[in-house]
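Okay, here's what each chain looks like letter by letter:
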Amino acid sequence: MSSQYQREPELGDGLRLHLNENTGGCSPKVIEALRALSPLDAAIYPDYGRVTDVCARHLGVDPARLLLTNGLDEGILAAAIAYLQREPTPLSRSASRSTSRTGDGAPEGLIAEPCFGMYADCIEAVGGRIVRVAPPADLAFPLDAVLAAITPRTRVIYLTSPGNPTGLLIPHAAVHALARALPHGLVFIDEAYADFTDAHFLGELDAAPNVVVGRTFAKAYGLAALRIGAVVGDAAVIAQLRRSLPPYSINVAAAVALEAALGDQAHLDAYRAAVRASKARVYAVCDRLGLAYWPSEANFVLIRVGDRATAIVEALRQRRIFVRDRSTEPGCAGCIRITAGVVAQTEQALAALEDILCAVA
Ligand SMILES: Cc1ncc(COP(=O)(O)O)c(C=O)c1O
């Protein structure tokens, strides 16, 4: 699987504003919980009963409707395995000559661009066919175009709300319309950034049994390195996704970390407040410099800096400030994406951006 994560060589103490991480760090209660692990905890296979109950309570769902995953990436992969995998191609010479893994008859996974790269990677990895829907100029969710792209072979539609890289929400009515149009397939709403907004689909799941919601604790909760995410949906669908994964894909450190992180609401609230304040600063600088941006429901902002986007990202990199160049993605010409978290870090990045823009103007 080709990784879409942008690897920065020799990152060192640079400012990581390119992967939407919580660069303020996780709750200290998480570190305490990790320190409290015993040699025996490390030696035995983990039990997920307790952390599943805690997480289900936190999300307000029945534990049978929750699958904890090794990062949300694994939830995305589980959906691809369960819904898009073809019969394995026999390894005989004649079969390998005549069968294309992603040929015409392949099950299709639908994505609306621009979007998180892991969807396409996972669809491809299981032999599915990627169907891409192009964005409109304003990058709003193109419901009619996505509906029109559904075929009898469509098995999964991957959606992101708030979107990455736009930070825009997908209206619930659009999700319901897609679920109705795909009664035998799965609509996967990736809500990796839902902790930064009040709009999420969990309360709508009863009315849409073929929709699942994906969550991560990598972003708002700052557990990216521990790898823990979740998928929520109809119990039968969740059971099917569970069968696609190994039984112990979450390690004990991630399990205890999640429980501790969910118990520290104050830490989460403080970070969410910082994100809101940081976004306000980004918008203010963009307004002053006349740069277009997408008001974001997430912890990042997509900014149109113009045809020097790649040069600007490079100039920031020279100052050891890493932001994401999105300018080659559909609909994103001239755009960079900047994580908006710790206010002092945002201010440092904005000062550098303004400096660079004024120097090249
Ligand atoms: C939209 C989206 N989904 C999923 C993920 C991956 O989440 P995790 O780190 O839990 O695998 C990311 C990470 O950047 C993301 O942006």
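Further up the page is the structure itself.
What counts, and where the lines are drawn
Residues numbered from 1 in each chain as written. Predicted model: local features only at pLDDT ≥ 70, side-chain atom pairs only at ≥ 80, totals over all residues. Heavy atoms only, no water. Buried < 20%, exposed > 50% of the residue type's maximum accessible area, 1.4 Å probe, protein only. Helix = DSSP H or I, 4+ residues; strand = E, 2+ residues; numbered from the N terminus. Pairing = 2+ DSSP bridges. Right-handed = clockwise from strand over helix to strand, strands pointing away. Core = buried A, V, L, I, M, F, W, Y, C linked by side-chain atoms within 4.5 Å. Contact = heavy atoms within 4.5 Å. Near = heavy atom within 4 Å. Polar contact = N/O pair within 3.5 Å; in protein donor to acceptor, adjacent residues only side chain to side chain. Areas by Shrake-Rupley, 256 points an atom, 1.4 Å probe, with all protein chains shown as cover. Axes fitted to C-alpha atoms, helices over the stretch in contact; angles between N-to-C directions. Left-handed = near helix turned anticlockwise from the far one by under 90°. Nonpolar A, V, L, I, M, F, W, Y, C, P; charged D, E, K, R; others polar.

A. How the structure looks around the pairing of strand S6 (residues 186-190). Counting buried positions over the five residues of S6 gives five, a clear majority of the element. Two elements, strand S5 (residues 154-160) and S6, share five bridges in a ladder whose sense is parallel. When the sheet's bridge partners are listed, Tyr-158 is paired in S6 with Phe-188. Each parallel crossover has a hand, and the one from S5 via helix H8 (residues 172-181) to S6 is right-handed. Note that S6 and strand S7 (residues 211-216) share four bridges and pair parallel. Following the sheet pairing, Ile-189 is matched in S7 by Val-213.

B. A look at the nonpolar core. If you look at the biggest cluster of nonpolar residues, it comprises 88 residues, and the most contacted ones within it are Tyr-158, Leu-159, Val-187, Phe-188, Val-211, Phe-217 and Leu-223. The element best represented in this core is helix H10 (residues 252-262), accounting for eight residues. With sequence-adjacent residues up to four places away left out, Tyr-158 is seen in contact with Ile-76, Ala-79, Ala-80, Leu-110, Ile-111, Ala-112, Tyr-119, Ile-123 and Phe-188. Core analysis: the second largest hydrophobic core is formed by 24 residues, Ile-312, Ile-321, Ala-349 and Ala-352 among them.

C. How the structure looks around the site of the ligand. In the vicinity of the ligand, 15 residues are found, and the nearest of them are Leu-72, Asp-190, Tyr-193, Thr-216 and Arg-227. Asp-190 is positioned with one of its side-chain polar atoms (N or O) 2.5 Å from a nitrogen atom of the ligand. A distance of 2.5 Å separates an oxygen atom of the ligand from a polar side-chain atom of Thr-216. Relative to its unbound accessible surface of 400 Å², the ligand loses 96% to contact with the protein. Top contributing element to the shell around the ligand by residue count: helix H4 (residues 71-84), with three residues.

D. Main features of the packing of H4 against helix H6 (residues 118-125). In contact at an axis separation of 9 Å, H4 and H6 are set at 35° when each is read in the N-to-C sense. Here the hand of the crossing between H4 and H6 comes out right-handed. In contact with Asp-73, Ile-76, Leu-77, Ala-80 and Leu-84 of H4, H6 contributes Met-118, Tyr-119, Cys-122 and Ile-123. Partitioned by chemical class, the residues of the contact of H4 with H6 number eight nonpolar, no polar and one charged.

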